[in-house]
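The residues making up each chain are set out below.
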Amino acid sequence: SLMAKWMGLVSGPTTFHLSKIMGYDCTADVKNHQKLVSKWIEWFTTELWQRASSHDNSKLEEPEKSTYDHWKPILETLKFGTPEYDDAVANMGEGLKHHFANNRHHAEHWTNGIDDMTLIDLIECFVDWVAVNDERGTRLPLGLLSRRFNISEQLINIIANTAREIDVQREEVGITTRLAPKET
């Protein structure tokens, strides 16, 4: 058996001998692993900083600027997800189409929506939703988002967990507005 081979009880070319692993010190391997994890976290952080510094820049140029100048005040009077809101969005035309085509953090940018995104895209998408709900003083409408973008239950749970974590941080600094959906 494999266990017997590992324990050195069965001889052969795949045999592991305890004498080869006795006295092993994991320190060097753990430190190397930590260095690699740190490298990749730095890469993610750099990517996110780049996204933060360029988020929605396309809204400041045509054909988007005039579209958002006209429609944003109207959208702010409408409840997200209502037929009136959806009609207004549909009327944003080429400006909105250009925005989706040039901003990969939107599900509409991708052929298969969120399923085609990277983690970096998804994080930017999530914080975009957070910012919009902060501006409106509302909770994340996860049920609506799930249906609208065909988001899996597992991913919705991860998003809800993250929203709850943000709410904990807000509470610690005295912000009482909640982001996470109400528990049902």
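Residues numbered from 1 in each chain as written. Predicted model: local features only at pLDDT ≥ 70, side-chain atom pairs only at ≥ 80, totals over all residues. Heavy atoms only, no water.

1. Quick look at the layout of surface pockets
Put simply, the rule is: Lining residues are defined by having an atom within 4 Å of a point belonging to a cavity or pocket. Those points lie on a 1 Å grid over the protein atoms alone, cavities being sets where a 1.4 Å probe fits but cannot get out and pockets being open sets with protein on both sides within 12 Å along at least five of seven lines. Grid points are joined across faces, edges and corners, and a volume is the space filled by probe spheres set on the points. For the purposes of this entry, the term helix denotes a DSSP run of H or I that reaches at least four residues, the term strand denotes a run of E that reaches at least two, and both are numbered from the N terminus. In this classification, Asp, Glu, Lys and Arg are treated as charged, Ala, Val, Leu, Ile, Met, Phe, Trp, Tyr, Cys and Pro as nonpolar, and every other residue, Gly included, as polar.
Its boundaries defined by the atoms lining it, the largest pocket holds a volume of some 1,300 Å³. Together, 43 residues line the largest pocket, and F80, Y85, D128, W129 and V132 are the ones closest to its centre. Elements with a contribution of two residues or more to the lining of the largest pocket: helix 3 (27–54), helix 4 (64–75), helix 5 (83–90), helix 6 (93–102), helix 7 (119–136) and helix 8 (142–149). Class assignment of the residues belonging to the lining of the largest pocket gives a composition of 23 nonpolar, 6 polar and 14 charged. In this structure, the second largest pocket spans a volume of roughly 190 Å³. Lining the second largest pocket are L119, L122, I123, F126, V127, L155, I158, I159 and T162. Here the element with the most residues in the lining of the second largest pocket is helix 7; it accounts for 5 residues.

2. Here's the deal with the packing of helix 3 against helix 7
Selection rule: For helices, the axis comes from a line fit to the C-alpha atoms of the stretch in contact; other axes are also lines fit to C-alpha atoms, and the angle between any two N-to-C directions lies between 0 and 180 degrees. Orientation is classified from the angle alone, with under 35 degrees giving roughly parallel, over 145 giving roughly antiparallel, 65 to 115 giving roughly perpendicular, and any other angle giving oblique. Left-handed describes a crossing whose near helix is turned anticlockwise from the far helix by less than a right angle; the clockwise case is right-handed. We call two residues in contact when some of their heavy atoms are within 4.5 Å.
Close contact between helix 3 and helix 7 brings their axes to 10 Å; oriented N to C, the two are set at 45°. It follows from the interaxial angle that helix 3 and helix 7 lie oblique. In this structure, helix 3 meets helix 7 at a crossing whose hand is right-handed. Contacts from F44, E47, L48 and R51 of helix 3 reach helix 7 at L119, I120, D121, I123 and E124.

3. Focus: the confidence of the model for the protein chain
Note that predicted coordinates carrying low pLDDT should not be read in detail. Note the cut-off: pLDDT is a per-residue confidence score from the predictor, ranging from 0 to 100.
Mean pLDDT over the protein chain stands at 89; residues scoring 70 or higher make up 88%. Across the protein chain, the element-wise mean pLDDT spans from 50 in helix 1 (residues 2–6) up to 98 in helix 6.

4. Thoughts on the side chain of R170
Relative to the helices and strands, R170 is located in helix 9 (residues 153–172). The contact partners of R170, leaving out residues within four places of it in the chain, are V130, D134, I175, T177, R178 and L179.

5. What about the packing of aromatic side chains?
What counts is decided by this rule: Within 6.5 Å between ring centres, the rings of Phe, Tyr and Trp (the latter by its six-membered ring) count as paired, and their orientation is classed by plane angle as stacked under 30 degrees, edge-to-face over 60, tilted in between. Each residue is placed in one exposure class: buried if its accessible area under a 1.4 Å probe, protein chains only, is under 20% of its type's maximum, exposed if it is over 50%, and partly exposed if it falls in between.
Enumeration over the complete set of coordinates arrives at 4 aromatic pairs. Their ring planes at 70° and their centres at 6.1 Å tell us that W40 and W43 sit as a pair that is edge-to-face. Pair noted here: W40 and W43 are both in helix 3, with a separation of 3 residues, about one helical turn. Take W43: its relative accessible area is 39%, and that puts it in the partly exposed class.

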